[in-house]
Amino acid sequence: MKKLLTLTTGLVAIVLAGTIAVPAQAYEAGPVTGGGTIDGKVVFNDVVPTRKIIPNKDVEVCGGPREEPLIEVGPDKGVQNAVVYLVEVAKGKAWPAQGKTPELTNHKCRFEPEVQVIRAGPLDVVNDDPMLHNTHGYYGKRTAFNMALPNQGQRIPTELTRPGTVRIDCDAHGWMEGWIYVVDNPYYAITGADGKFTITDVPPGTYNLVAIQSLTGPLQQSVTVAAGKPTNLTIELKKQ
Ligand SMILES: [Cu+2]
């Protein structure tokens, strides 16, 4: 038996050595025993920077000039719409049951939702407005998808298969911006208006946790989860 194992390991090593790019190991979902919880709050203590938005067309739908915050901070400094996730988790809890395909909707020249987390896979892009939007998604500088939606009610299916941060622009309205975080495991959360988040059923162990928001960028830290216990974190985001 031992000999067979050694032989098998040897074969695997040969196969791997012969492969130029080893694909990332797929997440393995199964029962979690003694899972812990990560509870936390994402805060921003600095002055909130804003940007001036001056729509130069379609103003009847897009609205007039305005000043918008670059980070959504509540009265108690909690950050809304920050995304928190664990990276490189090999196995753990099942994915939440997925009903319909996640959507990115152009509505009154905004992306709804403005920030979302999706499992790597399909995405539907929708236009709710009575004029052209050109929805353009990027991983960094590389285009992930680029589509014209000239008609109200239009829906175009696409896919985001690679985990990572996807920035969404509109080539017709330069000020529009949205964010999709594509994940390859179900250990993620998005903060509510109070900045709080919860990640449940985490197998005991030590993980890399990333908290990310568009102004501050990603902040990574190590977190250790004990069996059956909550781990409490306060994560302070800072301007890049
Ligand atoms: Cu647009």
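Please refer to the structure higher up on the page.
These numbers were taken from a predicted model, which means no experiment stands behind them.

### Some points on unusual backbone geometry
Part 1 of the reasoning: Cis geometry is found at the peptide bond from Glu 112 to Pro 113, where omega equals -10°.
Part 2 of the reasoning: Inspection of the secondary structure assignment puts Pro 113 in the loop between strand S10 (110-112) and strand S11 (115-119).
Part 3 of the reasoning: Phi at Lys 77 is positive, roughly 75°, even though this residue is not glycine.
Part 4 of the reasoning: With respect to the helices and strands, Lys 77 occurs in the loop between strand S5 (72-73) and strand S6 (79-80).
Part 5 of the reasoning: Residue class for Lys 77 comes out partly exposed when judged on its relative accessible area of 36%.
Part 6 of the reasoning: Its identity as a non-glycine residue notwithstanding, Asp 201 has a phi of 55°, on the positive side.

### Structural notes on the coordination of the copper ion
Part 1 of the reasoning: Protein-derived coordination of the copper ion comes from His 133 (ND1), Cys 170 (SG), His 173 (ND1) and Met 176 (SD), at a distance range of 2.0 to 2.8 Å.
Part 2 of the reasoning: If you look at the copper ion, its four donor atoms make angles of 99 to 132° with each other, and the shape they trace is tetrahedral.
Part 3 of the reasoning: In primary-sequence terms, the residues that donate to the copper ion follow H-x36-C-x2-H-x2-M.

### Observations regarding the pattern of salt bridges
Part 1 of the reasoning: All chains considered together, the criterion is met by nine salt bridges.
Part 2 of the reasoning: Among the ionic pairs, Asp 76 bridges to Lys 41, the shortest N-O distance being 3.2 Å. Of this pair, Asp 76 sits in the loop between S5 and S6 while Lys 41 sits in strand S2 (residues 36-43), and the two are 35 residues apart along the sequence.
Part 3 of the reasoning: Of the residues examined, Asp 76 reaches a relative accessible area of 40% and is grouped as partly exposed.
Part 4 of the reasoning: For Arg 155, the salt bridge goes to Asp 124, with nearest N and O atoms at 3.0 Å. Here Arg 155, found in strand S15 (residues 155-160), pairs with Asp 124, found in strand S12 (residues 121-127); they are 31 residues apart in sequence, far enough to count as distant.
Part 5 of the reasoning: Each of Lys 100, Glu 103, Asp 124 and Arg 155 takes part in a single network of salt bridges with overlapping partners.

### With respect to the state of the cysteines
A disulfide bridge is the covalent bond that connects two cysteines by way of their sulfur atoms.
Part 1 of the reasoning: The tally for this structure, following the rule as stated, stands at one disulfide.
Part 2 of the reasoning: Across a sulfur-sulfur distance of 1.9 Å, Cys 62 and Cys 109 are joined as a disulfide pair. Judged by the torsion about the S-S bond (-50°), the Cys 62/Cys 109 disulfide is left-handed. With Cys 62 in helix H2 (residues 59-62) and Cys 109 in the loop between strand S9 (103-107) and S10, this residue pair connects regions lying 47 residues apart in the sequence. In terms of burial, Cys 62 and Cys 109 fall into one category: buried.

### Section: the sheet that holds strand S14 (residues 142-149)
Part 1 of the reasoning: Ordered in space as S11-S17-S16-S13-S14, the five strands form an open sheet in which the pairing is mixed. Both edges of this open sheet fall to S11 and S14, since each of them pairs with a single strand only. Within the sheet, the average angular offset between the axes of one strand and its neighbour, ignoring direction, is 20°.

### Looking at the nonpolar core
Part 1 of the reasoning: Core analysis: the biggest nonpolar cluster contains 34 residues, and Ile 38 and Leu 86 have the highest contact counts within it.
Part 2 of the reasoning: Listed by contribution, the elements that provide at least two residues to this core are S2, strand S7 (83-87), S11, strand S17 (177-183), strand S19 (196-202), strand S20 (205-213), strand S21 (217-225) and strand S22 (230-236).
Part 3 of the reasoning: No other element matches the five residues that S20 contributes to this core.
Part 4 of the reasoning: For Leu 86, the residues in contact, after removing those within four places along its chain, are Ile 38, Asn 185, Tyr 187, Val 202, Tyr 207, Asn 208, Leu 209 and Val 223.

Calculation notes
Residues numbered from 1 in each chain as written. Predicted model: local features only at pLDDT ≥ 70, side-chain atom pairs only at ≥ 80, totals over all residues. Heavy atoms only, no water. Helix = DSSP H or I, 4+ residues; strand = E, 2+ residues; numbered from the N terminus. Buried < 20%, exposed > 50% of the residue type's maximum accessible area, 1.4 Å probe, protein only. Donors = N, O, S within 2.8 Å, 3.2 Å for Na, K, Ca; no water. Tetrahedral: all angles 85-135°; square planar, octahedral: opposite > 155°, others 65-115°. Salt bridge = Lys/Arg side-chain N within 4 Å of Asp/Glu carboxyl O. Disulfide = S-S within 2.5 Å. Pairing = 2+ DSSP bridges. Axes fitted to C-alpha atoms, helices over the stretch in contact; angles between N-to-C directions. Core = buried A, V, L, I, M, F, W, Y, C linked by side-chain atoms within 4.5 Å. Contact = heavy atoms within 4.5 Å.

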